[in-house]
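# Geometric and topological summary
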Amino acid sequence: MKIAAILAVAGLAGIASAQITISPINTPFTDIRATGTLLTTGGTSVNLGDDGEATITGAQLSAAGFTGNPLFPVADIRVGNNGGVVWNSGTGDIGFTNANLLTATAAQVGTASQGGTRQFIAPFWDDMFGSSTNGARNLWQVSGGNLIITWLDQDHFGAQGTGRVTMQLVVYSNAGGALADFVYNDTLLLGGATPASQNDGGSASIGYKNWGGPAWANDVQWSFDTKSVAGYIESEIPTNPNALRIIPAPGALALLGLGGLVAGRRNRR
């Protein structure tokens, strides 16, 4: 089966103690470029440039209708242009050199100075390059109670001007169910006949890292420097999944009281 092959390539071997896992899903991409809010720094709307970050406060999330879930409660969050979000922190950096999430230290991610309880969500942690001249934007919106963060039209630092990637993180508000989705609309950084090593996550880390968050949540990685995802509208390897979902592992549902969750089988468009 295709999904079994994808799991093998991504190195997602079953771990008995795992309480969360990542699985392919068919979540559609939600275009919020006309309705979303630009990220702000110091109250000023900004395009996050090279290695830039901005904070969305817990108060802003609550006011917008986000209530969180058992893994990602309402909190200040730090969004980095390099394709990652630090949950429960309003300061610090998200570095441009991605690492293996299963062994990465806070210093490698760039969050060593943040301290406290925090979690790192990496839909596409890579050396991204946002520029207003190429239309790059970083937007957020709460829709139906769910938080959507979009990285729109991002270059790669090592392939500026030759392609764009667009992806988003969806964090769900619920007491028990899907926790978060990574949705990819365009993962082709270098067009034409010559494939680029950065395409489809080839130079990215995709997954989740727990530094002092819920004790039941293990680190989980979909891929590290592996072409393992595909954009809905453009990609190099279209058989890769277009979206991924962080879910409680089957054995954790009863333990966490999170019932009624089915990852769903991915349907190719």
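Keep in mind it's a predicted model, so treat the numbers as computed, not measured.

## Brief notes about the overall build of the chain
Within the chain, the secondary structure is distributed over four helices and 16 strands. Classification of the 269 residues of the chain by burial places 56% in the buried group. Taking the intrachain contacts of the chain between residues at least 6 apart in sequence as the baseline, contacts between residues at least 24 apart amount to 67%. Approximately 10400 Å² of the chain is accessible, and the part contributed by carbon and sulfur atoms is 55%.

## Observations regarding the environment of glycine 83
Here glycine 83 lies in the loop between strand E6 (77-80) and strand E7 (84-87). A relative accessible area of 0% places glycine 83 in the buried class. Along the sequence, glycine 83 and alanine 204 sit 121 residues apart, while their C-alpha atoms lie 8.9 Å from each other. Leave out the neighbours within four places in its chain, and glycine 83 touches Ile121, Ala122, Pro123, Phe124, Trp125, Met128, Trp151 and Met167.

## Things to note about the sheet that holds strand E8 (residues 118-125)
Ordered in space as E5-E6-E7-E8-E14-E15, the six strands form an open sheet in which the pairing is antiparallel. Of all strands in the sheet, those with a lone pairing partner are strand E5 (53-56) and strand E15 (220-224), marking the two edges. Ignoring which end each strand starts from, the neighbouring axes of this sheet average 15° apart. Across four bridges, E5 lies against E6 in antiparallel orientation. Looking at the pairing, alanine 54 lines up with valine 79 of E6.

## Considering the pattern of salt bridges
Within this structure, the stated rule accounts for five salt bridges. Between aspartate 155 and arginine 164 there is a salt bridge, with its nearest N and O atoms 2.6 Å apart. On the basis of relative accessible area, aspartate 155 is assigned to the buried category, the value being 3%.

## Brief notes about the pairing of strand E12 (residues 165-171)
For E12, the buried fraction is high: seven of the seven residues fall into the buried class. Where strand E11 (residues 146-156) and E12 come together, six bridges link them in antiparallel fashion. Of the residues in E12, the one forming a bridge with isoleucine 149 is leucine 169. Sheet topology places E12 next to strand E13 (residues 180-186); six bridges connect them, and they run antiparallel. Paired with glutamine 168 across the two strands is valine 183, which belongs to E13.

## What to know about the confidence of the model for the chain
When pLDDT drops low, the exact placement of atoms in the prediction is not to be read closely. Scored by pLDDT, the chain has a mean of 81; 75% of the residues are at 70 or more. In the model, residues 1-16 has pLDDT below 50 throughout and makes 17 contacts with residues more than four positions away in sequence or in other chains. Residue range residues 258-269 is modelled with pLDDT below 50. Its contacts to residues more than four positions away, or to other chains, number 38 contacts.

## Considerations on the nonpolar core
Ranked by size, the top nonpolar core spans 41 residues in total, and within it Ile77, Val85, Trp87, Leu147, Ile149, Leu169 and Ile246 carry the most contacts. With four residues, the top contributor of residues to this core is E12. When residues no more than four places from it in sequence are discounted, the contact partners of tryptophan 87 are Phe66, Phe72, Pro73, Ala75, Asp76, Ile77, Thr117, Arg118, Gln119, Ile121, Leu147 and Val171.

## A look at the environment of tyrosine 172
With respect to the secondary-structure elements, tyrosine 172 resides in the loop between E12 and E13. Taking the C-alpha atoms as reference points, tyrosine 172 and phenylalanine 72, separated by 100 residues in sequence, lie 8.4 Å from one another. In this structure, tyrosine 172 is in contact with Thr27, Phe66, Gly68, Asn69, Asn146, Ala178, Leu179, Ala180, Asp181 and Arg245, ignoring residues within four places of it in sequence.

## As for the environment of alanine 217
Looking at the secondary structure, you find alanine 217 in the loop between strand E14 (205-211) and E15. For alanine 217, a relative accessible area of 7% puts it in the buried group.

Definitions and cut-offs
Residue numbering note: each chain is counted from 1, following its sequence as written. Reporting in this predicted model follows two pLDDT cut-offs: at least 70 for local features of residues, and 80 or more for side-chain atom pairs to be given and counted; totals over whole chains, interfaces and linings ignore these cut-offs and use all residues. To get the side-chain values, all heavy atoms of the structure are used, and hydrogens and water are removed first. Helix and strand assignments follow DSSP, with helices taken as H or I runs no shorter than four residues and strands as E runs no shorter than two, numbered in order from the N terminus. When accessible area is computed with a 1.4 Å probe and restricted to protein chains, residues below 20% of their type maximum are described as buried, those above 50% as exposed, and intermediate ones as partly exposed. Note on contacts: a residue pair is in contact if any heavy atoms of the two residues lie within 4.5 Å. With residues, only the protein chains shown are counted as cover, and all accessible areas are computed by Shrake-Rupley using a 1.4 Å probe. For two strands to count as paired, DSSP must find a minimum of two bridges between them. Note on definitions: angles span 0 to 180 degrees between N-to-C directions of axes, and those axes are lines fitted to C-alpha atoms, for helices only across the stretch in contact. Every case where a carboxyl oxygen of Asp or Glu lies within 4 Å of a side-chain nitrogen of Lys or Arg is listed as a salt bridge. Every residue carries a pLDDT, the predictor's confidence in it, which falls somewhere between 0 and 100. Note on terminology: a nonpolar core comprises buried Ala, Val, Leu, Ile, Met, Phe, Trp, Tyr and Cys residues joined through side-chain atoms within 4.5 Å.

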